[in-house]
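Remarks on the overall topology
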Amino acid sequence: CHHVSAMKFPCTSEDHVLSNNQNIVLALQEVQLQYPVTASELTHPNPRDNMLFVLFLFQNLPHYVPKTTIVFSTPLGVNLTKNIELSSPAKKTITFLCSSHGSSDFI
């Protein structure tokens, strides 16, 4: 996630803390995790609200751990196509969100 890698470490000022908290909010939006929190609320936290936020992350972030990686390995200049079939054992309809990451030269 771009926003997590843009975080400042170590945090030596309140501006760094606020900037990091803005990156946390943007990272949540990027992965489409909806939680009603602002950067200023994270900078000046309410203990009860922080507990609920940590619980939300604990329950939701494990679903974002990749199960596998699909490698596209081919010589330069040669096209490569792979068909990917997504399935779920659930009986309900599930919507998958897929994205590709990398250089815009290859996407």
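Throughout what follows, the structure given in this document is the object of discussion. (Residues numbered from 1 in each chain as written. Predicted model: local features only at pLDDT ≥ 70, side-chain atom pairs only at ≥ 80, totals over all residues. Heavy atoms only, no water.)

1. Re the pattern of salt bridges
Across all of its chains, the model carries 1 salt bridge by this definition. Residues D49 and R48 are paired through a salt bridge, measuring 3.5 Å at the closest nitrogen-oxygen approach. D49 sits in the partly exposed class, given a relative accessible area of 36%. (Salt bridge = Lys/Arg side-chain N within 4 Å of Asp/Glu carboxyl O. Buried < 20%, exposed > 50% of the residue type's maximum accessible area, 1.4 Å probe, protein only.)

2. Some remarks on the packing of aromatic side chains
Under the definition given, this model contains 2 aromatic pairs. With 5.1 Å between their ring centres and 50 degrees between their planes, Y35 and F53 make a pair best called tilted. Linking Y35 in the loop between helix 2 (14-30) and helix 3 (39-43) with F53 in helix 4 (residues 47-60), this pair joins segments that are 18 residues apart in sequence. When the ring of Y35 is compared with that of F56, the centres are 4.8 Å apart and the planes differ by 40 degrees; the resulting orientation is tilted. On the criterion of sequence distance, the pair formed by Y35 in the loop between helix 2 and helix 3 and F56 in helix 4 is long-range, its members being 21 residues apart. For Y35, a relative accessible area of 23% corresponds to the partly exposed category. Feature note: the residues Y35, F53 and F56 constitute an aromatic cluster, connected by ring pairs. (Phe/Tyr/Trp six-rings, centres within 6.5 Å; stacked < 30°, edge-to-face > 60°. Helix = DSSP H or I, 4+ residues; strand = E, 2+ residues; numbered from the N terminus.)

Interpretation note: all reported values are geometric properties and have no functional meaning in isolation.
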